[in-house]
Amino acid sequence: MLKMIDVHVDYSMKKQTIKALDGISLTIEPGEFLAVVGPSGSGKSTLLQSLGGMLSPTKGVVQMDDNSLYDLSADHRAALRKKNVGFVFQTFNLLPYLTAKQNVQIPLMLNGEDPKKQDVQANELLDKVGLKDRENHKPSELSSGQQQRVALARMLANNPRIIFADEPTGSLDPETGSQVIGFLKELHSEGHTIVMVTHDPIAAEQASRCIRMVDGQIITTI
């Protein structure tokens, strides 16, 4: 379970205090698919980063299961993220000089997996996202949609329970974006918890619950 209790995130800009999150309280149940919508600057990505253990709140508590994330040491928090959490972004963050397969192998290599096991698992993950025939292609040789699917395969390498997706279709055409959302729905059906920030109302409709944010606050839940 993920939980935020009266979470505030403030930062300063030109001697003014900006409230990126303004008293957010939210519970996300295991296996839920939550969409977060709202205008630019409403705090959506800040909420995602705070939930994922990447951004310490100014005030309040963020919990992952029985852990208060920001009461943990930075190393302990990083270990918890590594074990439980996967991130997908609008920018794919693939290493341009590596092939699709090598990009997927990065987290497996960092975990010290045997090279043969890395090879097998990377092949399985690329096959899962429909890109087994592109394993030796570098990012520049792939379409935007294919690059996002490689990023999804890499994210799945550690089999995260929780997936945070920040505008995963933002750089994609509608047809390819629909394919990516379909893949997230499949992961949800397999039991993954998914929290997705999106500007796309069609994508948001695929979630099991949707919250709308304005000025750092949750104003509606659907």
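Counting from 1, residues in each chain are numbered in the order their sequence is written. Note on the predicted model: pLDDT of at least 70 is required for a residue's local features to be given, and 80 or more for side-chain atom pairs to be given and counted; whole-chain, interface and lining totals, by contrast, use all residues. Heavy atoms from the whole structure form the basis of all side-chain values; hydrogens and water molecules are not counted.

Things to note about the overall build of the protein chain
Looking only at helices and strands, the protein chain features seven helices and 10 strands. Rg of the C-alpha trace for the protein chain: 18 Å, near the compact-globule value of 17 Å for 222 residues, within the 12% margin. Overall, the C-alpha framework of the protein chain stretches about 50 × 40 × 40 Å when taken along its three principal axes. By the burial criterion, 47% of the 222 residues in the protein chain qualify as buried. Contacts were defined at the residue level, with two residues in contact if any of their heavy atoms lie within 4.5 Å. The long-range fraction of contacts in the protein chain, counting pairs at least 24 apart against all pairs at least 6 apart in sequence, stands at 68%. Counting only carbon and sulfur atoms, one obtains 50% of the accessible surface of the protein chain, whose full area is about 11000 Å². Positive: Lys, Arg. Negative: Asp, Glu. His and the chain ends are not part of the count. To locate a charge, take atom NZ for lysine, CZ for arginine, CG for aspartate or CD for glutamate. For the protein chain, the distance from the average position of its 23 positive side-chain charges to the average position of its 26 negative side-chain charges is 4 Å. Secondary structure elements follow DSSP: runs of H or I no shorter than four residues count as helices, runs of E no shorter than two count as strands, and numbering proceeds from the N terminus. Restricting the calculation to C-alpha atoms gives the radius of gyration, and the globule rule supplies 2.2 Å times the number of residues raised to the power 0.38. With a 1.4 Å probe rolled over the protein chains alone, any residue whose accessible area is under 20% of its type maximum counts as buried; one over 50% counts as exposed, and the rest are partly exposed. Every accessible area reported is derived by Shrake-Rupley at a probe size of 1.4 Å, with residue values counting cover from the shown protein chains alone.

Examining the packing of aromatic side chains
By convention, a stacked pair of Phe, Tyr or Trp rings (six-membered ring in the case of Trp) has centres within 6.5 Å and planes under 30 degrees apart, an edge-to-face pair has planes over 60 apart, and any other such pair is tilted. Applying the stated criterion across every chain yields a total of two aromatic pairs. With centroids separated by 5.5 Å and ring planes inclined at 25 degrees, the aromatic side chains of phenylalanine 87 and phenylalanine 164 adopt a geometry described as stacked. In this pair, phenylalanine 87 sits in strand S6 (residues 85–89) while phenylalanine 164 sits in strand S7 (residues 162–166), placing the two residues 77 residues apart along the sequence. In this structure an aromatic cluster arises from ring pairing among Phe87, Phe89 and Phe164.

Observations concerning the sheet that holds strand S4 (residues 59–64)
Spatial strand order, S2-S1-S4-S5: four strands in an open sheet with antiparallel pairing. Only two strands of the sheet have a single partner each, and these edge strands are strand S2 (16–28) and strand S5 (67–68). Summarising the sheet, S4 and S5 pair through two bridges and their orientation is antiparallel. If you follow methionine 64 over to S5, its bridge partner there is asparagine 67. Following DSSP output, two strands are said to pair if at least two bridges run between them.

What to know about the side chain of threonine 176
Residue placement: threonine 176 occurs in helix H6 (residues 174–189). Relative accessible area serves as the criterion here: at 15%, threonine 176 is assigned to the buried category.

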